[in-house]
Amino acid sequence: MLVLFESSAGYGLFKCDDKVMKAKKDDIYDKYFADPTKAASKFKLEAFAAFEDTSEAVSAASSSVEGDVNKKLAKFLKKNLKDGMTLGIADVGMASKIKEKISGLTVVSNDNTFEIMRGIRSTMDTLMSDEVSTEDMKSMALGLSHSLSRYKLKFSPDKVDTMIIQAVGLLDELDKEINTYAMRVKEWYGWHFPELAKILNDNTAYAKFVLHVGLRDKVKHLQPTPKEGLQAIYEQDSNMDESTIENVVEAAEISMGTEIAELDIINIRSLAEQVISMSEYRAQLSTYLENRMKAIAPNLTEMVGVLVGARLIAHSGSLINLAKMPASTVQILGAEKALFRALKTKHDTPKYGLIYHASLIGQAQAKNKGKVARVLAAKTSLATRVDALSDEPDTRIGHESRLKVEARIAILEGTVVPGGAAGSASKTAAYVPPTNSGNGGHSGASDMVGVEKKAKKDKKEKKEKKEKKEKRKAEEEAGGEEKKAKKDKKEKKEKKEKKEKK
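On a predicted model such as this, the values are computed, not experimentally measured, just so you know.

Considerations on the overall build of the protein
Within the protein, the secondary structure is distributed over 25 helices and five strands. Taken across its 502 residues, the protein has 37% of its residues classed as buried. Across the protein, contacts joining residues at least 24 apart in sequence account for 65% of those joining residues at least 6 apart. In the structure as shown, the protein presents an accessible area of about 31100 Å², 52% of it carried by carbon and sulfur atoms.

Here it is as structure tokens:
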């Protein structure tokens, strides 16, 4: 019997006695490998194929991890093995691949082969001393481990998802920091110009005024005029209209704020500058995240948007993890605390988690949000699997699924299907109401009939419950009055008997 052993130096075939395979698993190591000299007498290296360089070793190691048989290994086995021979191997998956490639060979992979591999690995220096020295084996193992780690990192499927996870995490942190800093600027500068906060609601616009103008008295000294000077400051801001600028100029003249020193305004300006720089970086990061999401998960982005899609990926850990999740899990992803609290207290479980912030759920009425969340989660789960497992990016699935969800919202709310959904009838044929109602296809009209029937049934059940409740209440009241009358009669009788005795 021959045993295939793979090391960092190359492939080796060891000849061993059949008695070893028949021995008990727990006795193999102690009996044959406890002493390296004894192991060398029992296991002989019959053939060895050394790797030419590190890249070949990395390729071989990657194939072994995936359970594949590469060309070098197949050539080595065909050269040294003959029909009717038995080969021991550790990996069950590779054993089946070797059987397919080399016919007439008996391949064994069980607990005993695992123990033999463990023993050979522990006494490798002695068994392979004729082919590779101990120092070379150690250096090859170190080089292979480093190269394999770099290879896995470079070609990791989760590598790209990490960029999205880090970007959306940083985006949320930036929002908190910008709000905190902007609030501090408004509170600090508000002592000097309190009216400005009501006129300029935008944090960046407020910070720009503080940075470029400073003290409110300098507004009237802006060149060529106060109004034109402020327009020059906000020339790239489309939200700043003339009426707002006029209000700022007027408020600066009649402000009730206190006077502050030049040293104070220097520090306030420094903080305002940080607010502006962080806001600009946030806009840049948002554009970067949008581009990455459209490149990596275009269908998911089409269904729920950039931010919600990125948060779903970040919460699940990676795109492939999100693709493995069922639609029911995607629907409540992010609401785990509420779910377990509801299960513990035996209350209703949550209907949505992070997916609640998607624009499609925002379009639905409050009573239909749960149903829309379920439909959207199902379509989102399908879109995510397409993004994670398809070779070429294709947004057709996401676009069609979104139209179907919009059509479903229209059916639930009893409105006309939007023109966008109707215009794509060729792609979403299943959602066009058929002319023949008996064909068993999906029909908006039949859905509406079903909804009406359900509403009537619910109304009838509510009415029956109400009638039963009122009847029970009336019976209780009647029974109570009867009991009270009997009690009063009994008391009167007792009083009369006592009076007669006296």
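Continuing now.
A look at the sheet that holds strand S4 (residues 86-88)
Spatially, the five strands line up as an open sheet ordered S3-S2-S1-S4-S5, and their pairing is mixed. What marks the edges here is a single partner per strand, and that holds for strand S3 (44-50) and strand S5 (106-108). Strand after strand, the sheet turns through a mean of 25° between neighbouring axes, direction not considered. Where strand S2 (residues 10-15) lies against S3, six bridges are found, and the strand directions are antiparallel. Directly across from Lys15, in S3, lies its bridge partner Lys44.

Some thoughts on a positive patch on the surface
Taken together, Lys19, Lys31, Lys38 and Lys42 make up a surface patch of like positive charges. With respect to the helices, strands and loops of the structure, Lys31 is situated in helix H2 (residues 25-33). Judged by relative accessible area, Lys31 falls into the partly exposed class, the value being 47%.

Quick look at the side chain of Ser381
Structurally, Ser381 is set in helix H22 (residues 369-389). Residue Ser381 is classed as buried on the basis of its relative accessible area of 2%. Within the local environment of Ser381, its side chain forms a polar contact with the side chain of Arg385, the two groups lying 3.1 Å apart. Not counting residues within four places of it along the chain, the set of residues in contact with Ser381 comprises Met325, Pro326 and Ala327.

A look at the packing of aromatic side chains
Two aromatic rings, taken as a pair, are described by how far apart their centres are and by the angle between their planes. The full count for this structure, using the stated rule, is 10 aromatic pairs. Taking the centre distance of 6.2 Å and the plane angle of 75° together, the rings of Phe5 and Phe14 count as edge-to-face. The same class applies to Phe5 and to Phe14, which are both buried. Between Tyr11 and Phe51, the aromatic rings sit 5.3 Å apart at their centres with planes inclined by 75°, giving edge-to-face as the arrangement. Here the residue Tyr11 occupies a position in strand S2, and Phe51 occupies one in the loop between S3 and helix H4 (54-66), the gap between them amounting to 40 residues. Taking the relative accessible area as the measure of exposure, Tyr11 reaches 2% and is therefore buried. Take Phe51: its relative accessible area is 12%, and that puts it in the buried class. One aromatic cluster is present, formed by Tyr189, Phe193, Tyr206 and Phe209 through successive ring pairs.

Let's talk about the packing of H22 against helix H23 (residues 396-413)
Helix packing for two helices is described by the angle between their axes and how far apart those axes are. The N-to-C vectors of H22 and H23 enclose an angle of 170°; their axes lie 10 Å apart at closest approach. What the angle tells us is that H22 and H23 run roughly antiparallel. Facing H22, whose interface residues are Lys371, Val372, Val375, Leu376, Lys379 and Val386, H23 presents Ile397, Ser401, Lys404, Val405, Arg408, Ile409 and Leu412. Per-class residue counts for the contact of H22 with H23 are eight nonpolar, one polar and four charged.

Structural notes on helix H13 (residues 226-233)
Gly229, Leu230 and Ile233 are the residues of H13 that are buried. Around the axis of H13, the buried residues are gathered within 95° of arc, so they sit on the same side.

Side note on the nonpolar core
If you look at soluble globular proteins, the nonpolar side chains tend to sit buried side by side. Ranked by size, the top nonpolar core spans 38 residues in total, and within it Val304 and Leu376 carry the most contacts. Put simply, the parts of the chain that give this core at least two residues each are helix H10 (159-190), helix H15 (262-296), helix H16 (298-304), helix H17 (306-316), helix H18 (319-324), helix H21 (359-363), H22 and H23. Per-element accounting of this core gives the leading share, six residues, to H10. In this structure, Tyr189, Phe193, Val213 and Ile260 belong to the second largest nonpolar core, which totals 31 residues.

Details of the environment of Asp217
Position of Asp217 relative to the elements: it lies in the loop between helix H12 (203-212) and H13. We classify Asp217 as partly exposed; its relative accessible area is 37%. Once the C-alpha coordinates of Asp217 and Val249 are considered, the two residues, 32 residues apart in sequence, prove to be 10.0 Å apart.

Overview of the environment of Met278
Locating Met278 in the fold gives a position in helix H15. What makes Met278 buried here is its relative accessible area of 17%. With 100 residues separating them in the primary sequence, Met278 and Ile178 have C-alpha atoms 6.7 Å apart. When neighbours within four sequence positions are excluded, Met278 is seen to be in contact with Leu174, Glu177, Ile178 and Tyr181.

Structural notes on the packing of H15 against H17
Remark: H15 packs on H17, axes separated minimally by 10 Å, with the N-to-C direction vectors making an angle of 70°. Comparing their axes, H17 and H15 come out roughly perpendicular. Contacts between H15 and H17 pair Leu289, Glu290 and Met293 from the former with Val306, Leu307, Gly309, Ala310 and Ile313 from the latter. Residues belonging to the contact of H15 with H17 are distributed by class as follows: six nonpolar, one polar and one charged.

Scoring rules and cut-offs
- Residues numbered from 1 in each chain as written.
- Predicted model: local features only at pLDDT ≥ 70, side-chain atom pairs only at ≥ 80, totals over all residues.
- Heavy atoms only, no water.
- Helix = DSSP H or I, 4+ residues; strand = E, 2+ residues; numbered from the N terminus.
- Buried < 20%, exposed > 50% of the residue type's maximum accessible area, 1.4 Å probe, protein only.
- Contact = heavy atoms within 4.5 Å.
- Areas by Shrake-Rupley, 256 points an atom, 1.4 Å probe, with all protein chains shown as cover.
- Pairing = 2+ DSSP bridges.
- Axes fitted to C-alpha atoms, helices over the stretch in contact; angles between N-to-C directions.
- Patch = residues over 30% accessible without salt bridge, like charges linked within 9 Å, V, L, I, M, F, W, Y side chains within 5 Å.
- Salt bridge = Lys/Arg side-chain N within 4 Å of Asp/Glu carboxyl O.
- Lys, Arg positive; Asp, Glu negative; His and termini not counted.
- Charge placed at Lys NZ, Arg CZ, Asp CG, Glu CD.
- Polar contact = N/O pair within 3.5 Å; in protein donor to acceptor, adjacent residues only side chain to side chain.
- Phe/Tyr/Trp six-rings, centres within 6.5 Å; stacked < 30°, edge-to-face > 60°.
- Parallel < 35°, antiparallel > 145°, perpendicular 65-115°, else oblique.
- Nonpolar A, V, L, I, M, F, W, Y, C, P; charged D, E, K, R; others polar.
- Arc of directions from axis to C-beta.
- Core = buried A, V, L, I, M, F, W, Y, C linked by side-chain atoms within 4.5 Å.

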